[in-house]
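# Coordinate analysis (summary)
Next come the chains, spelled out residue by residue.
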Amino acid sequence: MAKPQYWLIKSEPSVYAYSQLEKDGKTDWTGVRNYEARNNLRAMKPGDLCLYYHSNEGKAVVAVAKVLTAAGPDPTAPGEDWASVDVGPVVALKQPVELATIKATPELKDCQILTRNRISVVPVTTEHFKLILKMGKTALPK
């Protein structure tokens, strides 16, 4: 079985907080209207893991989600060339990792949340993913 890839997905907590994903059990990740982010959605595979980032309000990685489906058309944009995937909850971080902390961590200086900060779906290296989990005092469930 292929190793999962890692991603960071952003949502404003007032729009769709991680706690809502936990309640719902899964959701369509829709509404992405940036070509680079769309292409990243299309590169996602079931089983890939996503750092769940609360943007604008909170500005912190708060959880890990899992990609449940391959990318398909975004149902919120019929007839247009946008993509969506289904994601489900994995684990909330014991301690959110704030953007200021990420910026202050030299090992994360080239993390795409910093270098591609306007993009709502970006890839994350294995090393960055593991470091952010460690900073959040969280282990993935077995």
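Details of the structure are given in the entry above.
What counts and what doesn't
- Residues numbered from 1 in each chain as written.
- Predicted model: local features only at pLDDT ≥ 70, side-chain atom pairs only at ≥ 80, totals over all residues.
- Heavy atoms only, no water.
- Disulfide = S-S within 2.5 Å.
- Buried < 20%, exposed > 50% of the residue type's maximum accessible area, 1.4 Å probe, protein only.
- Helix = DSSP H or I, 4+ residues; strand = E, 2+ residues; numbered from the N terminus.
- Contact = heavy atoms within 4.5 Å.
- Core = buried A, V, L, I, M, F, W, Y, C linked by side-chain atoms within 4.5 Å.
- Phe/Tyr/Trp six-rings, centres within 6.5 Å; stacked < 30°, edge-to-face > 60°.

### Concerning the state of the cysteines
What is meant by a disulfide is a covalent connection between two cysteines, made through their sulfur atoms. As enumerated under the stated definition, the model contains zero disulfides in all. Free of any disulfide, Cys50 has its nearest cysteine sulfur in Cys111, 13 Å distant. Cys111 sits in the buried class, given a relative accessible area of 2%.

### Some details on the side chain of Thr27
Mapped onto the fold, Thr27 is located in strand β2 (residues 27–29). Once you skip the residues sitting within four places of it in the chain, Thr27 turns out to touch Tyr16, Leu21, Val85, Asp86 and Val87.

### Quick notes on the nonpolar core
One finds Trp29, Met44, Tyr52 and Val61 to be the most contacted residues of the largest nonpolar core, which totals 43 residues. Of the residues forming this core, the biggest block, seven residues, is contributed by strand β4 (residues 60–67). Look past the residues within four positions of Val61 in its chain and what remains in contact with it is Leu8, Leu51, Tyr52, Tyr53, Leu93, Pro96, Val97, Ile102 and Ile132.

### Let's talk about the packing of aromatic side chains
With the rule as written, the count across this model stands at four aromatic pairs. With a centroid separation of 5.3 Å and 70 degrees between ring planes, the pair formed by Tyr18 and Tyr52 is classed as edge-to-face. In this pair, Tyr18 is assigned in helix α2 (residues 18–24) and Tyr52 in strand β3 (residues 49–54), connecting sequence segments 34 residues apart. Each member of the pair, Tyr18 together with Tyr52, is buried. Seen in terms of ring centroids, Tyr35 and Trp82 are 5.0 Å apart; in terms of plane orientation they differ by 25 degrees. Their pairing is stacked. Within this pair, whereas Tyr35 is found in helix α3 (residues 35–43), its partner Trp82 is found in the loop between β5 (72–73) and β6 (83–98), the two being separated by 47 residues in sequence. Among the residues examined, Tyr35 registers a relative accessible area of 55% and is labelled exposed. Look at Trp82 and you get buried, because its relative accessible area is 11%. Linked through ring pairs, Tyr18, Trp29 and Tyr52 together constitute an aromatic cluster.

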